[in-house]
Number of protein chains: 2
Amino acid sequence: MNIILADAEEFDGNKLLLSDHRAKHIVKILGCKEGDTIRCGEINGLRGEGKIISMQRKFPFHVVLEVELMQGPPQKTNIDLLLALPRPIMLRRILSQATSLGVGKIILIHANRVEKSFWDASLLESGGCREHLIHGLEQSVDTRLPHVEMHQRFKPFIENTFPEIKNDYSHLLLAHPGENTTLSQRILSVPSKTLFAIGPEGGWVDYEVTRLKDSGFTSFSIGDRILKVDTAVIAVHSRISAVVEGLS
Amino acid sequence: MNIILADAEEFDGNKLLLSDHRAKHIVKILGCKEGDTIRCGEINGLRGEGKIISMQRKFPFHVVLEVELMQGPPQKTNIDLLLALPRPIMLRRILSQATSLGVGKIILIHANRVEKSFWDASLLESGGCREHLIHGLEQSVDTRLPHVEMHQRFKPFIENTFPEIKNDYSHLLLAHPGENTTLSQRILSVPSKTLFAIGPEGGWVDYEVTRLKDSGFTSFSIGDRILKVDTAVIAVHSRISAVVEGLS
């Protein structure tokens, strides 16, 4: 936790009373005492500092902060993620890691090799992702929650929903093993906004690759190695970031 | 498991008898039957195919393969990792993920913000890392185990050991927040071999940064976001890969 985050309604003017895991973190992990100043932020709002004006250092922990929030959140990366729904344990990690990298939007879709049962995960119920997104924000000193959307059927998504989404992006990129084209051959000028697609464990089936390409995605390879989905998300995001940085 | 790996001494001529988790994987996950062919390899040796010539499909599972190994392992990436020892749960994941990315050598060192107790992990005993390295090989269809070495004291490492190691590398790169230099400004020609350094949770202390720089490391930033160590390892490796690919 590199920043203490709270919802707007938790603030009482410039005071913030914490009595949950955040209070415990301030006491036990950070080892703070009264008068200390720590990084704070409002979820989807500003960042700044909080001064500890009172605290209880043993269970039940509580901490009262006097906050001053003046600084905007860091830039998102302008690189969004289209992801075939992974198993819940992996999705949790990806939500947090992608958020920490600065992904602004995560679109979860179905694919042939996604197990139907993955869609029943409690993680996907209203607000179920939020905890993991907040972990990513707390890690990377960000405040803005990424937007997460879900599309439980591939064909209606690619035919009806995607044509509207795609207008937001200058680059639609599909990581696909066996391709000869490299990423730097696909990104020749600085993108306004990029969407990259990562398939399920076992990969996209041919039909899905065809539909994605017909919808505007261009494919590239990052080598022959088969990566786990969570490794691939970070690796491809980072490679795109590096290519864009080199062009900037 | 995208390849079934076995030690040289497990092969009886071109026959391989499996009766452990690998046999279970072939039966239960891959759903193979007699006559099917699957990817096999010898650890630190060749890759190829194995034909199932007999099997028992219920507990205790066993599978006999007739193998033909003709193909060399994939290239390693020529990008090695110098890593401040992380906590065991994170180290396990990093060993596997770094191996799957093709890292050939992982050098674990002490740093001021590494908890002393991390060095007591059973994972660090002789052979304790092997299982996690093999997971990475199985994922990425590789056979060659990365070399892992450990240096439990920073000062003797940087003063006595590192001067010999450094001759193996054309580029020594230190990911360091707050730096203005980007990676593509640090890699101007295709490296023969690169070593990148990732600090502990909380970062290197100033003394360590100074010693690393005095020893030949040049620092760069990948932005202001603070990443978890496991995310940072993949992100920096991937960014270096992308910059090198763009120069090739």
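Residues numbered from 1 in each chain as written. Chains lettered and ligands numbered in written order. Predicted model: local features only at pLDDT ≥ 70, side-chain atom pairs only at ≥ 80, totals over all residues. Heavy atoms only, no water.

(A) Focus on the relation of the copies chain B and chain A. Taken as rigid bodies, chain B and chain A are interconverted by a rotation of 180 degrees and an axial shift of 0.0 Å, the fit giving an RMSD of 0.0 Å. Both copies are brought into coincidence by an operation consistent with a two-fold rotation axis. Among all residues of chain B, the minimum C-alpha distance to the rotation axis is found for Arg 239 of chain B, at 2.5 Å. (Least-squares fit on C-alpha atoms with pLDDT ≥ 70 in both.)

(B) Geometry of the nonpolar core. Counting 116 residues, the largest nonpolar core has Leu 81, Ile 198 and Trp 204 of chain A together with Leu 81, Ile 198 and Trp 204 of chain B as its most contacted members. Excluding residues within four positions of it along the chain, Ile 198 of chain B makes contact with Leu 81, Leu 82, Leu 83, Ala 84, Ala 175, Trp 204, Val 229, Ala 232, Val 233 and Val 236 of chain B. (Core = buried A, V, L, I, M, F, W, Y, C linked by side-chain atoms within 4.5 Å. Buried < 20%, exposed > 50% of the residue type's maximum accessible area, 1.4 Å probe, protein only. Contact = heavy atoms within 4.5 Å.)

(C) Local environment of the pattern of salt bridges. Using the criterion set out here, one finds 29 salt bridges over all chains in the structure. Note that Lys 193 of chain A and Asp 80 of chain A form a salt bridge whose closest N and O atoms lie 3.9 Å from each other. Of this pair, Lys 193 of chain A sits in the loop between α5 (183-186) and β11 (194-198) while Asp 80 of chain A sits in strand β7 (residues 79-84), and the two are 113 residues apart along the sequence. Look at Lys 193 of chain A and you get partly exposed, because its relative accessible area is 27%. Overall, the relative accessible area of 2% leaves Asp 80 of chain A in the buried class. With its nearest N and O atoms 4.0 Å apart, the salt bridge here joins Lys 155 of chain B to Glu 159 of chain B. Here Lys 155 of chain B and its partner Glu 159 of chain B are both found in helix α4 (residues 154-165), four residues apart, which amounts to about one turn of the helix. When its relative accessible area of 36% is taken as the criterion, Glu 159 of chain B is described as partly exposed. (Salt bridge = Lys/Arg side-chain N within 4 Å of Asp/Glu carboxyl O. Helix = DSSP H or I, 4+ residues; strand = E, 2+ residues; numbered from the N terminus.)

The values are spatial; any link to function lies outside them.
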